[in-house]
Amino acid sequence: MKRVWIPVAVFVVFGLLGVGIYGIVSISKSVNYEVLGYAVQKLDNVGVTFRVSFLVTNPSSFNLEVWNQYYEFYVGGFKISTITSNAHYTLLADNSSVIPLDVQFTWEDIHSKVAPMYSQTTTTAIGDLPVLIKGKLSAKTGFLRISHFPVRFNGRLWWFLP
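Each value, and the rule that gives it
Position labels on residues start from 1 in each chain and follow its written sequence. In view of the model being predicted, local features appear only for residues whose pLDDT reaches at least 70, and side-chain atom pairs are presented and counted only at 80 or more, with totals across whole chains, interfaces and linings using the full set of residues. Each side-chain value is worked out from all heavy atoms of the structure, with water and hydrogens disregarded. The secondary structure listing takes helices from DSSP runs of H or I that are at least 4 residues long and strands from runs of E that are at least 2 residues long, numbered from the N terminus. Here the term buried applies to any residue with accessible area under 20% of the maximum for its type, exposed to any over 50%, and partly exposed to those in between, with areas from a 1.4 Å probe on protein chains only. It only takes one pair of heavy atoms within 4.5 Å for two residues to be counted as in contact. In short, Shrake-Rupley with a 1.4 Å probe defines the accessible areas, and a residue's cover is counted only from the protein chains shown. Take a side-chain nitrogen of Lys or Arg and a carboxyl oxygen of Asp or Glu: if they are within 4 Å of each other, that pair is a salt bridge. Two strands are said to pair when DSSP picks up at least two bridges between them. For this analysis, a nonpolar core means a set of buried residues of the types Ala, Val, Leu, Ile, Met, Phe, Trp, Tyr and Cys, connected via side-chain atoms within 4.5 Å.

Engineer: Any chance you could explain the overall build of the protein chain here in plain terms?
Structural biologist: Each helix and strand counted, the protein chain has two helices and eight strands in total. The order of α-helices and β-strands along the protein chain, N terminus first, is α-β-β-β-β-β-β-α-β-β. Counting the 162 residues in the protein chain, one finds 30% classified as buried. A fraction of 63% describes how many contacts in the protein chain between residues 6 or more apart in sequence connect residues 24 or more apart. With the model as given, the accessible surface of the protein chain reaches about 10600 Å², and the carbon-plus-sulfur share is 63%.

Structure follows, in C-alpha cells:
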C-alpha cells in the first residue's frame, strides 16, 4: 500500500506555516511606531520611572494582540534600561493604538551608565547619539500565535526628546 498522503501532508503543513510566518513578518515590518510623549510616574530615592506613550499604527487588515514585552534600551552603545510589560494590548486593524510602557532608571544606573555617554557629546550633539531598542514580545493574529517574536528598533536620541 502506497503512502503518498504523508509527503503531501508534510508539504501542505510546511506551506501553510510558511505563508503564516511570511504574513506575521510582513505585518511586523509595516507596523509604525511613534513616541507621543512621556511623563514622570514615580520619583524617589531609588530612581525615576517614566511612562512613555507610543502611537502604534497597524496597517494590516488583522487585529494584533501583543503581550509579554521585554526590551533592552541602549544609548550610544551603553545599556541604559530594561523595559518590561505583561499587559495585553490589542492593535486594531487599519488603525492606531496607544501603548504605554514604563521605563525605570535607578540613580546608580544613571550615574554609572549615562555619565560615560557624555564623553561622546564632545564629538557629536547629544540628540545625535544612536538608540537601539531590542527585545521580544508575544503576538497573536487570528489563529497564528508567536510567543517570542524578536523586535529591533534603531534611531536617534532626539526622536524621543520633546
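Having seen it, we continue.
Engineer: Got a minute to help me understand the environment of Leu43 in this structure?
Structural biologist: Structurally, the position occupied by Leu43 is in strand S1 (residues 32–43). For the pair Leu43 and Thr106, spaced 63 residues apart in sequence, the C-alpha to C-alpha distance is 9.9 Å.

Engineer: Explain the pattern of salt bridges to me, please; I cannot follow it from the model alone.
Structural biologist: Pairs can form between side chains of opposite charge whenever their charged atoms are close. Scanning the entire structure with this criterion turns up three salt bridges. The residue Asp44 makes a salt bridge to Lys42 at a minimum N-O spacing of 3.7 Å. Take Asp44: its relative accessible area is 30%, and that puts it in the partly exposed class. Residue Lys42 is classed as partly exposed on the basis of its relative accessible area of 47%. As a salt-bridge pair, Lys79 and Glu72 come within 3.4 Å of each other at their nearest N and O atoms. For Lys79, a relative accessible area of 31% corresponds to the partly exposed category.

Engineer: Looking at this structure, how should I read the side chain of Ser97?
Structural biologist: Along the chain, Ser97 falls in strand S6 (residues 95–106). Taking the relative accessible area as the measure of exposure, Ser97 reaches 12% and is therefore buried. Ignoring sequence-local partners within four residues, the contact set of Ser97 consists of Phe54, Leu55, Val56, Thr90, Leu91 and Leu92.

Engineer: Sorry, what's going on with the pairing of strand S2 (residues 47–58) here?
Structural biologist: For a regular strand, side chains alternate in direction, first toward one face of the sheet and then toward the other. Where S1 and S2 come together, ten bridges link them in antiparallel fashion. Directly across from Glu34, in S2, lies its bridge partner Leu55. What sits between S1 and S2 in their antiparallel hairpin is a turn of three residues. Pairing analysis gives twelve bridges linking S2 to S6, with the strands arranged antiparallel.

Engineer: Where do I start with the nonpolar core in this structure?
Structural biologist: One broad trend across soluble globular proteins is that nonpolar side chains are buried collectively. Ranked by internal contacts, the top residues of the largest apolar core, which has 25 residues, are Tyr71, Phe73, Val75 and Leu137. Counting only elements with at least two residues in this core, the list comes to S2, strand S3 (64–75), strand S4 (78–85), strand S5 (89–91), S6, strand S7 (130–141) and strand S8 (144–156). Ranked by residue count, the leading element in this core is S3, at five residues. Other than its neighbours up to four places away in sequence, Phe73 contacts Phe78, Lys79, Ile80, Ser81, Ile83, Val131, Leu132 and Ile133.

Engineer: How should the environment of Thr90 be read in this particular structure?
Structural biologist: Relative to the assigned elements, Thr90 resides in strand S5. In sequence terms Thr90 and Glu65 are 25 residues apart; their C-alpha atoms lie 4.5 Å from each other. Those residues in contact with Thr90, other than ones at most four positions away along the chain, are Asn63, Leu64, Glu65 and Ser97.

As far as function goes, none of this settles anything; it's purely spatial.
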